[in-house]
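Coordinate analysis (summary)
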Amino acid sequence: MIDLRSDTTTRPTPAMREAIANAVVGDEQNREDPTVLELERRAAAFLGQEEAVYVPTATMANQIAVRILSRPGEELLAEENSHILLNEQGGPAVFSGLVMRGLPGRHGTFAPEQVAAAVRDWHSGHMPRTRVVVVENTHNSAGGRVWTLEQMDAVIATSREHDLRVHLDGARIVNAATALGVPAAEIGRRFDTVQLCLSKGLGCPLGALVAGSAELMIAARRAKHLFGGAMRQAGIVAAAGVYALEHHVARIADDHARARRLAEGWAAAGLAVDPSQTETNFVHIDVGSHGLTADEGVERAAAAGVGISWTVDPSILRAVVHLDIDDDDVERAIELLPAALGASDRVNA
Ligand SMILES: Cc1ncc(COP(=O)(O)O)c(C=O)c1O
């Protein structure tokens, strides 16, 4: 199986496993694990923030961030198909008492005018106070699409004018930084809080970081403990994170080049793929225009030995390139998938 379902499917490389095996560990909950402390130091610098806190998952990192930026009864704004609104079981409402409001997006982005228009007149005493804006870069359900620095700056400036706090769901900030040709810190430093997932493009078995000012990170550590995320000898996995920040950042550009090659190869073979939409490591395939449902598309691809997966759009499937996909996999997938999905039978061709 050429597994293009998600960049979360990677397995630790032999060198990463060696780093894990050699990890020096201690009690993380007591802040005595040297490897976790080292990872937090490196991640803070990497993300352009004062401090970072190591947590088990990117979902927990998002939930901690919005909790420490708000009070119960306040309102969170995010793109309507963002991970925090669609895929975290209403966590901001459950854990932080937030009202959640989705803004219609364009390729996962929204405009400063939308933020300004959404801010509620809470002084009247009736409405929730609009308080937190979440930006997701790259944007998962939009297909790994990238917010430019200018787009982020415009939304952040308007948010600040309205006294709103800004969080970056940077699960794939390394992909965004690579696509923009800037260090991740150049993106991360713009926000009040930013999270980075270690188990996507960076190839770790698990782990994420939430970063922000030293003051905010005191609150983040408390929230982490409250959520049950304070660990013990966590250096055993944090070692993978230290390794990944050293060895797996530059190679993200390879994933992007391979995704581009896939998109171009599939489009040339008649699949409904628009290569210009592949900005990072995702390729979207419009199986609806081949007369297939998403389920049929996934099944046919799997039968041909290619793993692809669903998106929020019932006619669009996605392929995601990652550390465990090499050039040969790409060439084989270019051969196998068009035939499996009946590229020559395309309805709207
Ligand atoms: C943009 C984004 N944020 C957060 C997450 C949450 O990651 P996890 O499921 O590892 O907690 C994901 C996972 O796909 C994601 O794509």
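Residues numbered from 1 in each chain as written. Predicted model: local features only at pLDDT ≥ 70, side-chain atom pairs only at ≥ 80, totals over all residues. Heavy atoms only, no water.

**Some details on the pattern of salt bridges**
The condition that has to hold: Salt bridges are counted wherever a side-chain nitrogen of Lys or Arg sits within 4 Å of a carboxyl oxygen of Asp or Glu. Runs of E in the DSSP output that reach at least two residues are strands. Runs of H or I that reach at least four are helices, and both are numbered from the N terminus. A 1.4 Å probe rolled over the protein chains alone gives each residue an accessible area, and that area as a share of the maximum for its type sets the label: buried under 20%, exposed over 50%, partly exposed in between.
By the definition in use, this model includes 25 salt bridges. Between Glu-246 and Arg-42 there is a salt bridge, with its nearest N and O atoms 2.8 Å apart. With a gap of 204 residues between them, Glu-246 in helix α11 (residues 235–247) and Arg-42 in helix α2 (residues 34–47) connect regions that are remote in the sequence. Given the relative accessible area of 29%, Arg-42 is considered partly exposed. Among the salt bridges present, the one from Arg-258 reaches Asp-327, with a minimum N-O distance of 2.8 Å. On the criterion of sequence distance, the pair formed by Arg-258 in helix α12 (residues 252–268) and Asp-327 in helix α14 (residues 327–340) is long-range, its members being 69 residues apart. The exposure class assigned to Asp-327 is partly exposed, which follows from its relative accessible area of 45%. Several salt bridges converge on common partners, so that one network encompasses Arg-31, Glu-40, Glu-51 and Arg-221.

**Here we look at helix α13 (residues 294–303)**
So the rule is basically this: The arc refers to the directions leading from the helix axis to the C-beta atoms. Contacts were defined at the residue level, with two residues in contact if any of their heavy atoms lie within 4.5 Å.
Among all positions of α13, only Ala-294, Gly-297, Val-298 and Ala-301 are buried. Axial view of α13: buried residues confined to an arc of 95 degrees, hence all on one face. The outward face of α13, more than 90 degrees from its buried face, is lined by the exposed residues Glu-299 and Ala-303. Where α13 is buried, its residues touch β10 (306–307), β11 (309–310), β12 (316–320) and α14. Just downstream of α13, Gly-305 is the residue with a positive phi angle, here 95 degrees.

**What about the layout of surface pockets?**
Condition: Put simply, the grid is 1 Å and covers the protein atoms alone, a cavity is a trapped set of points that fit a 1.4 Å probe, a pocket is an open set with protein on both sides within 12 Å along at least five of seven lines, and lining residues have an atom within 4 Å of a point. Grid points are joined across faces, edges and corners, and a volume is the space filled by probe spheres set on the points. When residue character is reported, Ala, Val, Leu, Ile, Met, Phe, Trp, Tyr, Cys and Pro are called nonpolar, Asp, Glu, Lys and Arg charged, and the others, Gly included, polar.
Considered as a void within the structure, the largest pocket measures approximately 290 Å³ in volume. Considering the residues around the largest pocket, the lining is formed by 20 residues, among which Ser-141, Ala-142, Gln-277, His-284 and Ile-316 are closest to the centre. Counting residues per element, the lining of the largest pocket draws most heavily on strand β9 (residues 282–286), which supplies five residues. Looking at the lining of the largest pocket residue by residue, the class counts come to eight nonpolar, eight polar and four charged.

**Brief notes about the sheet that holds β11**
The cut-off we apply is this: In this scheme, strands are said to pair when DSSP sees at least two bridges between them. Here, axes are lines fitted to C-alpha atoms. For helices the fit covers the stretch in contact, and angles between N-to-C directions go from 0 to 180 degrees.
Strand order across the open sheet formed by three strands is β9-β12-β11, with antiparallel pairing between neighbours. Bordering the open sheet on either side are β9 and β11, each of which pairs with just one other strand. Sheet contacts for α12: β9 and β12; angle to β9, the most-contacted strand, approximately 20 degrees.

**Thoughts on the nonpolar core**
Which entries qualify depends on this criterion: Definition of nonpolar core: a set of buried residues of the types Ala, Val, Leu, Ile, Met, Phe, Trp, Tyr and Cys, connected through side-chain atoms within 4.5 Å.
Counting residues in hydrophobic clusters, the biggest one holds 51 residues, and the most contacted among them are Tyr-54, Ile-173, Ile-187 and Leu-196. With seven residues, α11 is the largest single contributor of residues to this core. In terms of nonpolar packing, the next biggest core, distinct from the first, is built from 27 residues, Leu-4, Val-306, Leu-317 and Ala-343 among them.

**Some words on the sheet that holds strand β8 (residues 208–212)**
An order of β2-β8-β7-β6-β5-β3-β4 is seen for the seven strands of this open sheet, with the pairing classed as mixed. The open sheet terminates on both sides in strands that have one partner only, identified here as β2 (51–55) and β4 (99–103). The mean angle between the axes of side-by-side strands here comes to 20 degrees, regardless of whether they run parallel or antiparallel. Two strands pair when backbone bridges link them, and strand β5 (residues 130–136) and strand β6 (residues 165–170) are joined in this way by five bridges, in the parallel orientation. Pairing of Val-132 across the sheet is with Arg-165, part of β6.

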